[in-house]
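Here's the letter readout for the chains.
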Amino acid sequence: PRVRVSGVSEIFEACAVKTGIETASVTPDPDSLARGGKSLSVRVTLRGGPEQFRDFLAEVGRTPSLETLETIRIQRVSEGFDYQVVAWLALE
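Presented here is a report on the structure given in the accompanying data block. From a predicted model like this one, the values you see are computed outputs, not experimental measurements.

## Overview of the packing of helix α1 (residues 8-19) against helix α3 (residues 50-61)
Right, on to step 1. Contact geometry of α1 with α3 gives a least axis separation of 9 Å together with a crossing angle of 135°. It follows from the interaxial angle that α1 and α3 lie oblique. In this structure, α1 crosses over α3, and the sense of that crossing is right-handed. In this structure, α1 uses F12, C15, A16, K18 and T19 to contact α3, whose residues at the interface are Q52, D55, F56, E59 and V60.
Right, on to step 2. Within the contact of α1 with α3, the residues separate by chemical class into 5 nonpolar, 2 polar and 3 charged.

## Looking at the environment of R47
Right, on to step 1. Within the secondary structure, R47 is located in strand β2 (residues 39-48).
Right, on to step 2. The contacts of R47, once residues within four sequence positions are left out, are I21, E22, V77, E79, F81 and D82.
Right, on to step 3. Within the structure, R47 has its side chain in polar contact with the side chain of D82 (distance 2.6 Å).

## Quick word on the pattern of salt bridges
Right, on to step 1. Scanning the model with the defined rule gives 4 salt bridges in all.
Right, on to step 2. In this structure, the salt-bridge partner of E59 is K18, at a minimum N-O distance of 3.3 Å. Here K18 lies in helix α1 and E59 lies in helix α3, a separation of 41 residues in the sequence.
Right, on to step 3. Via salt bridges that share partners, K18, E59 and R62 belong to a single interconnected network.

## Let's talk about the sheet that holds β2
Right, on to step 1. Strand order in this open sheet of 4 strands is β1-β2-β4-β3, and the pairing throughout is antiparallel. On the outer flanks of this sheet lie β1 (22-29) and β3 (66-77), each paired with one strand and no other. Each strand of the sheet is rotated relative to its neighbour by a mean of 15°, with strand direction disregarded.
Right, on to step 2. In this structure, β1 lies alongside β2, joined through 7 bridges in antiparallel fashion. Of the residues in β2, the one forming a bridge with V26 is V44.
Right, on to step 3. Sheet strands touched by α1: β1, β2 and β4 (80-90). Its angle to β1, the strand with the most contacts, is close to 155°.
Right, on to step 4. Packing against the sheet, α3 makes contact with β2, β3 and β4, and its axis sits at approximately 170° to β3.

## Here's the deal with the pairing of β2
Right, on to step 1. The buried count for β2 comes to 8 of 10 residues, which makes it a mostly enclosed element.
Right, on to step 2. Direction of pairing for β2 relative to β4: antiparallel, over a ladder of 10 bridges. Paired with R43 across the two strands is V86, which belongs to β4.

Reading the values: the criteria
Residues numbered from 1 in each chain as written. Predicted model: local features only at pLDDT ≥ 70, side-chain atom pairs only at ≥ 80, totals over all residues. Heavy atoms only, no water. Axes fitted to C-alpha atoms, helices over the stretch in contact; angles between N-to-C directions. Helix = DSSP H or I, 4+ residues; strand = E, 2+ residues; numbered from the N terminus. Parallel < 35°, antiparallel > 145°, perpendicular 65-115°, else oblique. Left-handed = near helix turned anticlockwise from the far one by under 90°. Contact = heavy atoms within 4.5 Å. Nonpolar A, V, L, I, M, F, W, Y, C, P; charged D, E, K, R; others polar. Polar contact = N/O pair within 3.5 Å; in protein donor to acceptor, adjacent residues only side chain to side chain. Salt bridge = Lys/Arg side-chain N within 4 Å of Asp/Glu carboxyl O. Pairing = 2+ DSSP bridges. Buried < 20%, exposed > 50% of the residue type's maximum accessible area, 1.4 Å probe, protein only.

This is the structure:
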C-alpha cells in the first residue's frame, strides 16, 4: 500500500540478508509516483558474488508487489562485483 512506501528498503534489505549479499543503497524514485502512476521505481545497489546475486534475484522475484526488473547492471570491482537493479513495485 502507498502508506508503506517508506518501508520499501526493508523489502530489498530482507532479500539481501536472506541471500548473503550486501546492500549498498536502496533509492525509491518519488517522481515515479508524482506522475500519478500506480507503480514505484526503486534503484537497488548491491555488492557480492554472482551466486549471491542470482539468489537475490530469485528471492526478489518471490515478492508479491514486484512488477518487473527494468534494468540490471553488473560491474567488476576490486572487491568482486557491484550490481545495480531498477525494480518496479505495484502500489495499492
